[in-house]
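# Fold and contact review
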Amino acid sequence: MTLNLTQTQINSDIEIVIVKNKLIKSDQEILELLKFDGSDETSVLLQSQKKIYVGCDDSKPDNIAIASSIAIRELNSTNFKSATITVDTNLKEVLEGLILGNYTFETYKSTAKKQNDKIINILVPTLDKDTTNIFQDTVDICESVNMTRDFVNTSPEDFYPKIMAKEAEKIAQEHNLECKILSDKYFQENNMGTILAV
């Protein structure tokens, strides 16, 4: 998934609309026919209008993140290649939902689904330093969470301590960090028996 933070409208295949507090502002008639009322964790795809509507009962951060994750899953179930979402508030939560909701782990599946790379244009009212920092910090954290999910989901036969140490060194090198790999000897010398027992 490619995320573009923008202040200007970009043509996209489809628009993502998060309906907060059940306040549906457009397409009311067709949404009513489809029994979409904007309730939490509900979504509907209107192909002819090229819109994905996602319900969110309120503006609580967790609910915004959940709504965004539902939106990306709905988008991934289509052949649309790009989407625009307008974000006036809660940029961090929208990003968390999009990135974390887009996560899949296909390593051990006999036929892994090919996930098409989607382009998400995030339309914000102002593109200042604070907005850019929130965007980059959230992307970095969420990508780290997804990398950790990969580690956890990987079988211990494939991700044993030696591999884990190599991965830690690689990450440290990529981000110009110091990495110290400790051995059993260190744990024994420092009376860390609980760690040794694992």
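What this report covers is the structure whose coordinates are included nearby. (Residues numbered from 1 in each chain as written. Predicted model: local features only at pLDDT ≥ 70, side-chain atom pairs only at ≥ 80, totals over all residues. Heavy atoms only, no water.)

Any pair of aromatic rings gets described here by the distance separating the centres and the angle formed by the planes. Taken as a whole and assessed by the stated rule, the structure comprises four aromatic pairs. Between the aromatic rings of Phe36 and Tyr53, the centroid separation amounts to 6.2 Å while the plane-to-plane angle is 50°, which identifies the pairing as tilted. Taken together, the residues span a long stretch of sequence, with Phe36 in the loop between helix H1 (28-33) and strand S3 (43-46) and Tyr53 in strand S4 (residues 51-56) at a distance of 17 residues. With respect to burial, Phe36 and Tyr53 carry one shared label: buried. Each ring, one from Tyr186 and one from Phe187, has its centre 5.9 Å from the other, and the planes form 75°; the classification is edge-to-face. Judged by relative accessible area, Phe187 falls into the buried class, the value being 14%. (Phe/Tyr/Trp six-rings, centres within 6.5 Å; stacked < 30°, edge-to-face > 60°. Helix = DSSP H or I, 4+ residues; strand = E, 2+ residues; numbered from the N terminus. Buried < 20%, exposed > 50% of the residue type's maximum accessible area, 1.4 Å probe, protein only.)

Moving on: the environment of Phe80. Relative to the helices and strands, Phe80 resides in the loop between helix H2 (61-76) and strand S5 (82-86). Overall, Phe80 belongs to the buried group, its relative accessible area being 17%. Here the alpha-carbon distance between Phe80 and Ile14, two residues 66 residues apart in the chain, equals 6.9 Å. Once residues lying within four places of it in the same chain are set aside, the contact partners of Phe80 are Asp13, Ile14, Leu45, Leu75 and Lys118. (Contact = heavy atoms within 4.5 Å.)

This brings us to the pairing of S4. Among the six residues that make up S4, six are buried, leaving the element largely enclosed by the rest of the structure. Side chains Lys51, Tyr53 and Gly55 of S4 all project onto a buried face; the interleaved residues Ile52, Val54 and Cys56 project onto the opposite face, where all are buried too. Across four bridges, the pairing between S3 and S4 is antiparallel. Along S4, the bridge assignment pairs Ser43 with Val54. (Pairing = 2+ DSSP bridges.)

Leu3, Leu75, Ile85, Leu91, Ile120, Ile122 and Phe135 are the most contacted members of the largest nonpolar core, which totals 29 residues. Apart from residues no more than four positions distant in its own chain, Ile120 is found in contact with Met1, Thr2, Leu3, Asn4, Ile72, Leu75, Ala83, Ile85 and Leu98. Val17, Phe36, Val44 and Tyr53 belong to the second largest nonpolar core, which has eight residues in total. (Core = buried A, V, L, I, M, F, W, Y, C linked by side-chain atoms within 4.5 Å.)

Turning our eyes to something else, we now look at unusual backbone geometry. Even without being glycine, Lys35 reaches a positive phi, approximately 60°. Take Lys35: it is sitting in the loop between H1 and S3. With relative accessibility at 75%, the residue Lys35 sits in the exposed group. Look at Asn90: it is not a glycine, yet its phi comes out positive at around 60°. Following the sequence through the fold, Asn90 ends up in the loop between S5 and helix H3 (91-101). On the accessibility criterion, Asn90 (18% relative accessible area) is buried.

With that settled, consider the packing of H3 against helix H4 (residues 129-153). Running from amino to carboxyl end, H3 crosses H4 at an angle of 30°, the nearest separation of the two axes being 9 Å. The orientation of H3 with respect to H4, classified from their angle, is roughly parallel. The interaxial crossing formed by H3 with H4 has right-handed handedness. Across the interface between the two elements, Leu91, Lys92, Leu95, Glu96, Ile99 and Leu100 of H3 pack against Thr131, Ile134, Phe135, Thr138, Val139, Cys142, Glu143, Val145, Asn146 and Arg149 of H4. (Axes fitted to C-alpha atoms, helices over the stretch in contact; angles between N-to-C directions. Parallel < 35°, antiparallel > 145°, perpendicular 65-115°, else oblique. Left-handed = near helix turned anticlockwise from the far one by under 90°.)

Here the focus is the sheet that holds strand S2 (residues 14-20). Here six strands make up an open sheet; going across it, the order is S1-S6-S5-S2-S4-S3 and the pairing mixed. In the strand order of this sheet, the two ends are held by strand S1 (2-6) and S3, each with one partner. Sheet twist, expressed as the mean angle between neighbouring strand axes with direction ignored, is 20°. Pairing of S2 with S4 involves six bridges; the strand directions are parallel. The residue of S4 that forms the bridge with Glu15 is Lys51. Those strands touched by H2 are S2, S3, S4, S5 and strand S6 (119-123), and its axis lies near 150° from that of S4. Packed on one face of the sheet, H4 meets S1 and S6 and runs near 165° to S1.

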